[in-house]
Amino acid sequence: MLSSLERDVLANIHEDCLERDVAALSALYRRQSSSGLKESLDWIRCHLDSYGIKTQTHQWVGELTTPISASLRIKKELSSFLVPCKVWGFSGRSRKKASGPLVCVDPRTLPAPEAVPYFAIRKEVERDLEGKIVLTKKFHGTAILALQDRGAAAVIVTWPGGDEEEIHESGTGLIWGNPEPLEETLDIQIPLIAVNYMWGCKLLEVASGNGKAEGEIEVEIQTDFQPFPVLEARLPGEEDNSPFLLVGAHIDAKHWGATDNASGAALALHLARIASTLRERRYGLRICWWTGHEFGHYAGSSAYCLNYYADLEERGLAYLNIDMPGVRGASHWQQVACSPDLTPTVENILHDVVGRSSGVISDPVRAWDQSFQNLGLSSLLVWASSLPEGSPYRSGSFSMPRWWHTESDVWDCLDRHVYLTDAHIYTLALIRSVCREGLQYDVHNLWMFFLNRLEALCSALKGRINLEDILSRAQSLHQRSEAFTGTCPWSRDVVWKVRRLNRLLFAQKAPWSQDWCAPQEAIPGLSAGISMCREGRGGVVLDHWLMCQRNRIYSLLGEIEEGIR
């Protein structure tokens, strides 16, 4: 139920102002290091200054990629023709050429998206694609790495989504943020280009038909370490060291990016203005406009986590991510993602805004600037609205809109009603985080999510690794502790438990590090072994990893137990 404060604030949200801000930002071409990106950050900073909000611009260095150009020529028998294409990010570091026969690969020979299972068998890979140009509909990082390991000279992504004429741009690779010293072996060094669905079908037909088809590819791309800015606004709480909510929205874009993510950047500015007027604000607020999102594997948010690790660890309430709100046709709020401890909070917000609360997702999302999972910071919202299945605005079965990462993502891709609804959802999330009692953490829900998943893994991995000891310890700890019942407001004791439970559920590497940029399931370090266990693959390498992960969980449970004492 809405409070009087919430009703007043929602009633004073002006659609015209929100849309005006989206129009202003989406009129700027905001590729990394462009004048348009600088101008958009200056525009937001000027508005924040007018609200009396203090700002700072961080300058950090990250590995960024800038796709420049690509060409593809197909030769078969006596014919030759050019195919429209685009080069994807992080596929090489400079100008490169490749030529060779076109081939299709059986998608069943490509690894699953998870990183660790492929790492465990990588040395076994045979170079059966030496010198060939491979056509594929699978473009996750492990698939492209596997094709490179198999000797492919280049890879062409034949778009698996809708039949739109536009060519979708993206990137590849398994590194999140900046690479660690031993991750240089994960670099993609071969050209990776994409064609649209129509051309993809034609190329697949050419490659599988009679006669030999040859491809000639030339790409230009710049990938290196470059400085990048992150704009931050801070509003204090009641005390100098009050806990704070972190809000983030990336402002860089492949092109004009009206819905990805001018709408999110404008909504973050709207939240800053509202927060500056809240007299009942108890907790602090930090709002960041990330760059290095589209061209740097979430460089902005991961650099913030690295540089403000202690602040986030000790005083962070949660992370509220704003990405792609207001997409035309996205009248669907039944796949909203958040952490299990904040599921009741998000369900109540959805009920108060859209009249229903079902469909909240608590499974891990390893994308969308979720750079705070290793630290254990809870996610209040990963996204809000989404396109329902069967929507004419979706790119086929792909969840993104037809204009995603193309020049066609312009202002009229915004849906006025959806955007206002999303604005209400995010505004309530803000108010219920920083005012009065603040967020309520359902530690019991978080704990049960962990226990249920651990029980499932204990059964799934039986015969490969014995998890009975950590399952027994977890169950015993839960039964004799009152610390996991009900919901609790922020306190150092509550945060101690929440951080560690989140680390158990959503990470497999250290809190100060970043997991790989690949999909993963809850308790990812152990979940990585399920598919390999079924296939009987991975050998000593995977067994060693699973043992390390078992011991990591045992250690974290010990920390939770010590904190309760």
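Computed from a prediction, not measured in an experiment: that's the story for all the values here. (Residues numbered from 1 in each chain as written. Predicted model: local features only at pLDDT ≥ 70, side-chain atom pairs only at ≥ 80, totals over all residues. Heavy atoms only, no water.)

This part takes up the packing of aromatic side chains. Considering all chains together, one arrives at 20 aromatic pairs under this definition. Taking the centre distance of 5.0 Å and the plane angle of 70° together, the rings of Tyr29 and Trp256 count as edge-to-face. Remark: Trp256 occurs in the loop between β9 (244-250) and α7 (258-277) and Tyr29 occurs in the loop between α2 (15-26) and α3 (35-50); sequence separation between them is 227 residues. Taking relative accessible area as the criterion, Tyr29 reaches 32% and is therefore assigned partly exposed. With centroids separated by 4.3 Å and ring planes inclined at 25°, the aromatic side chains of Trp176 and Tyr298 adopt a geometry described as stacked. Of this pair, Trp176 sits in the loop between β6 (154-158) and β7 (192-195) while Tyr298 is found in the loop between β10 (284-290) and α8 (299-307), placing the two residues 122 residues apart along the sequence. Here Trp176 matches Tyr298 in class, with each residue buried. Each member of the aromatic cluster is reached from another via a ring pair, and the members are Trp60, Trp290, Tyr304, Tyr308, Tyr319 and Phe372. The ring of Tyr554 carries the charged tip of Arg473 above its face, separated from the ring centre by 4.1 Å. Residue placement shows Lys509 over the ring face of Trp516; its charged tip is 4.5 Å from the ring centre. (Phe/Tyr/Trp six-rings, centres within 6.5 Å; stacked < 30°, edge-to-face > 60°. Helix = DSSP H or I, 4+ residues; strand = E, 2+ residues; numbered from the N terminus. Buried < 20%, exposed > 50% of the residue type's maximum accessible area, 1.4 Å probe, protein only. Lys NZ or Arg CZ within 6 Å of the ring centre and 35° of its normal.)

Next up on the list: the packing of α2 against α7. Close contact between α2 and α7 brings their axes to 9 Å; oriented N to C, the two are set at 130°. When the axis of α2 is compared with that of α7, the two are oblique. Considering how the two elements wind past one another, α2 and α7 form a crossing that is right-handed. From α2, Leu18, Asp21, Val22, Leu25 and Ser26 reach across to α7, where they touch Ala258, Ala262, Ser263, Ala265, Ala266, Leu267, Leu269 and His270. Of the residues in the contact of α2 with α7, the class split is nine nonpolar, three polar and one charged. (Axes fitted to C-alpha atoms, helices over the stretch in contact; angles between N-to-C directions. Parallel < 35°, antiparallel > 145°, perpendicular 65-115°, else oblique. Left-handed = near helix turned anticlockwise from the far one by under 90°. Contact = heavy atoms within 4.5 Å. Nonpolar A, V, L, I, M, F, W, Y, C, P; charged D, E, K, R; others polar.)

Another point: the pattern of salt bridges. It is possible for side chains of opposite charge to pair when their charged atoms get near one another. All chains considered together, the criterion is met by 35 salt bridges. Note that Lys86 and Glu407 form a salt bridge whose closest N and O atoms lie 2.6 Å from each other. Here Glu407 lies in the loop between β12 (379-381) and α11 (416-434) and Lys86 lies in strand β3 (residues 86-87), a separation of 321 residues in the sequence. The buried category is assigned to Lys86, whose relative accessible area is 17%. Classification of Glu407 by relative accessible area gives partly exposed; the value is 37%. Taking the shortest distance from any N to any O, the salt bridge between Asp106 and Arg108 comes out at 2.9 Å. When salt bridges that share partners are traced, they join Glu15, Asp16, Glu19 and Arg416 into one network. (Salt bridge = Lys/Arg side-chain N within 4 Å of Asp/Glu carboxyl O.)

Okay, α2 next. Since the α-helix advances by 3.6 residues per turn, residues separated by three or four positions end up pointing in the same direction. In a regular helix each residue adds 1.5 Å, so twelve residues correspond to 16 Å; α2 covers 16 Å between its end C-alpha atoms and thus fits that length. Every buried residue of α2 is listed here: Leu18, Glu19, Asp21, Val22, Leu25 and Ser26. The arc that holds the buried residues of α2, viewed along the axis, is 155°, so those residues lie on one side. (Expected span 1.5 Å × (residues − 1). Arc of directions from axis to C-beta.)

What follows concerns the pairing of strand β2 (residues 79-83). Relative to β2, strand β1 (residues 54-76) runs antiparallel, the two sharing five bridges. Among the inter-strand pairings, Lys75 is bridged to a residue of β2, identified as Ser80. Count of turn residues in the β1/β2 antiparallel hairpin: two residues, of which Glu77 carries a positive phi of about 55°. (Pairing = 2+ DSSP bridges.)

Now for the packing of α2 against α11. At their nearest, the axes of α2 and α11 sit 11 Å apart, and the two run at 105° to each other. One finds that α2 runs roughly perpendicular with respect to α11. Only Arg416, Tyr419, Leu420 and Ala423 of α11 make contact with α2, whose side of the interface consists of Glu15, Asp16, Leu18, Glu19 and Val22. Per-class residue counts for the contact of α2 with α11 are five nonpolar, no polar and four charged.

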